[in-house]
Amino acid sequence: MSSPAASPVRVAVLISGTGSNMAALIDAAQAGASGYEIALVLSNIEGAGGLAVAAAKGVKTVAIPHKPFGKDREAHEQAVDAALRDAGVQVVALAGYMRILTPWLVRAWDGRMLNIHPSLLPLYPGLDTHARAIAAGDAEGGCTVHLVTEGVDEGPILGQARVPILADDTPSALSERVKTAEHTLYPQVLGDFCKGLARK
Ligand code: GRF
């Protein structure tokens, strides 16, 4: 006997900038059968370009600027968390969200928060990943989707895509090719993750 299709998992995407990964996640969800829907796009930057992109795609958006909270990171995160809960969010996808999270938010979403990082982790956590890969003479770069844990860029790896590093590559050229790979990898991994949750 076939069981009725599970309803899509409600995902929030957290961004700070242009949100090209976020757009890819929305497009995959709107194309259907992804296993998730984007319930909210949230940014810590009021004028983040990605907010307008998400709104144009018909997705609910909210900006919760961190600046008014000063040094109190947790107070900002409590406001973020409240917006996520209000929107009935089940899974959080970080996509260029340029804030280091406190253990409080990480624990609140333990096992339900994913991130995409532009390197083949565990290589090159942190910033300037493409320049570091080129300087090291690596033959390939790439991107990683992982679960978020308290250590920055350290959580269990859910998927990776590899991209060759070419002779005379520059960080910006490599970054562009890796971004193209990110836009395929993230929807795929998030979709598999959400379908797995729905089966639990
Ligand atoms: C991506 O390279 C992602 O891997 C990193 O931040 C960047 C976000 O880019 N975490 P975009 O805003 O999705 O275009």
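Note: the structure precedes this text.
Summary of the structure given here.

Calculation criteria
Residues numbered from 1 in each chain as written. Predicted model: local features only at pLDDT ≥ 70, side-chain atom pairs only at ≥ 80, totals over all residues. Heavy atoms only, no water. Pairing = 2+ DSSP bridges. Helix = DSSP H or I, 4+ residues; strand = E, 2+ residues; numbered from the N terminus. Axes fitted to C-alpha atoms, helices over the stretch in contact; angles between N-to-C directions. Contact = heavy atoms within 4.5 Å. Core = buried A, V, L, I, M, F, W, Y, C linked by side-chain atoms within 4.5 Å. Buried < 20%, exposed > 50% of the residue type's maximum accessible area, 1.4 Å probe, protein only. Right-handed = clockwise from strand over helix to strand, strands pointing away. Near = heavy atom within 4 Å. Polar contact = N/O pair within 3.5 Å; in protein donor to acceptor, adjacent residues only side chain to side chain. Areas by Shrake-Rupley, 256 points an atom, 1.4 Å probe, with all protein chains shown as cover. Nonpolar A, V, L, I, M, F, W, Y, C, P; charged D, E, K, R; others polar. Parallel < 35°, antiparallel > 145°, perpendicular 65-115°, else oblique. Left-handed = near helix turned anticlockwise from the far one by under 90°. Expected span 1.5 Å × (residues − 1). Disulfide = S-S within 2.5 Å.

A short note on the sheet that holds strand S3 (residues 61-63)
Stage number 1. On the basis of which strands lie adjacent, the open sheet formed by seven strands has the order S3-S2-S1-S4-S5-S6-S7 and mixed pairing. Either end of the sheet is taken by a strand with one partner, and the two such strands are S3 and strand S7 (157-164). Shown here is a sheet whose adjacent strand axes are inclined to one another by a mean of 20°, direction ignored.
Stage number 2. Of the strand pairs in this sheet, strand S6 (residues 140-147) and S7 are connected by seven bridges, and their pairing is antiparallel. Paired with Glu-140 across the two strands is Pro-164, which belongs to S7.
Stage number 3. Lying on the sheet, helix H1 (residues 20-31) is in contact with strand S1 (9-15), strand S2 (36-43), strand S4 (91-94) and strand S5 (113-117); it crosses S2 at an angle near 155°.
Stage number 4. Along the sheet face, helix H6 (residues 171-199) touches S1, S2, S4, S5, S6 and S7 and points at about 155° away from the line of S7.

Some points on the nonpolar core
Stage number 1. With 39 residues, the main nonpolar core has Val-11, Val-13, Ile-38, Val-41 and Val-91 as its most contacted residues.
Stage number 2. With 10 residues, the single largest contributor to this core is H6.
Stage number 3. One finds Ile-64, Ala-83, Leu-101 and Val-106 within the second-largest nonpolar core, a separate group that totals 20 residues.

Thoughts on the pairing of S1
Stage number 1. By the criterion of burial, S1 is predominantly enclosed, with six of the seven residues buried.
Stage number 2. Strand direction decides the pairing type here: S1 and S2, joined by seven bridges, are parallel. Within the sheet, the bridge partner assigned to Val-9 lies in S2 and is Tyr-36.
Stage number 3. This β-α-β element, S1 to H1 to S2, shows right-handed connectivity.

A few points about the site of the ligand
Stage number 1. Thr-18, Gly-19, Ser-20, Asn-21, Gly-96, Ile-116, His-117, Pro-118, Lys-179 and Glu-182 make up every residue found near the ligand.
Stage number 2. Here an oxygen atom of the ligand and a side-chain polar atom of Thr-18 are 3.3 Å apart.
Stage number 3. Within the side chain of Ser-20, an N or O atom sits 2.5 Å from an oxygen atom of the ligand.
Stage number 4. Coverage of the ligand by the protein amounts to 84% of the 370 Å² it exposes when considered alone.
Stage number 5. Those elements that place two or more of their residues in the shell around the ligand are H1, S5 and H6.
Stage number 6. Counted by class, the shell around the ligand contains two nonpolar, six polar and two charged residues.

Considering the packing of H1 against helix H2 (residues 49-56)
Stage number 1. It is at 9 Å that the axes of H1 and H2 come closest, and there the two elements cross at 15°. Viewed along their axes, H1 and H2 adopt a mutual orientation that is roughly parallel. Regarding H1 and H2, the two cross each other, and that crossing is right-handed. Mapping the contact onto sequence places Met-22, Ala-23 and Ile-26 in H1 and Gly-50, Val-53 and Ala-54 in H2.
Stage number 2. Here the residues of the contact of H1 with H2 are counted per class, giving five nonpolar, one polar and no charged.

Brief notes about H1
Stage number 1. The end-to-end C-alpha separation of H1 is 16 Å, in line with the 16 Å expected for 12 residues at 1.5 Å each.
Stage number 2. Every buried residue of H1 is listed here: Asn-21, Met-22, Ala-23, Ala-24, Leu-25, Ile-26 and Ala-29.
Stage number 3. Looking at the packing, one finds that the buried side of H1 touches S1, S2, H2, S4, S5 and H6.
Stage number 4. Positive backbone phi, at 95°, marks Gly-32, one or two positions downstream of H1.

Digging into the state of the cysteines
Stage number 1. With the rule as written, the count across this model stands at zero disulfides.
Stage number 2. Between Cys-143, a free cysteine, and Cys-194, which holds the nearest cysteine sulfur, the sulfur-to-sulfur gap is 18 Å.
Stage number 3. Residue class for Cys-143 comes out buried when judged on its relative accessible area of 0%.
Stage number 4. Cys-194 gets classed as buried once you look at its relative accessible area, which sits at 0%.

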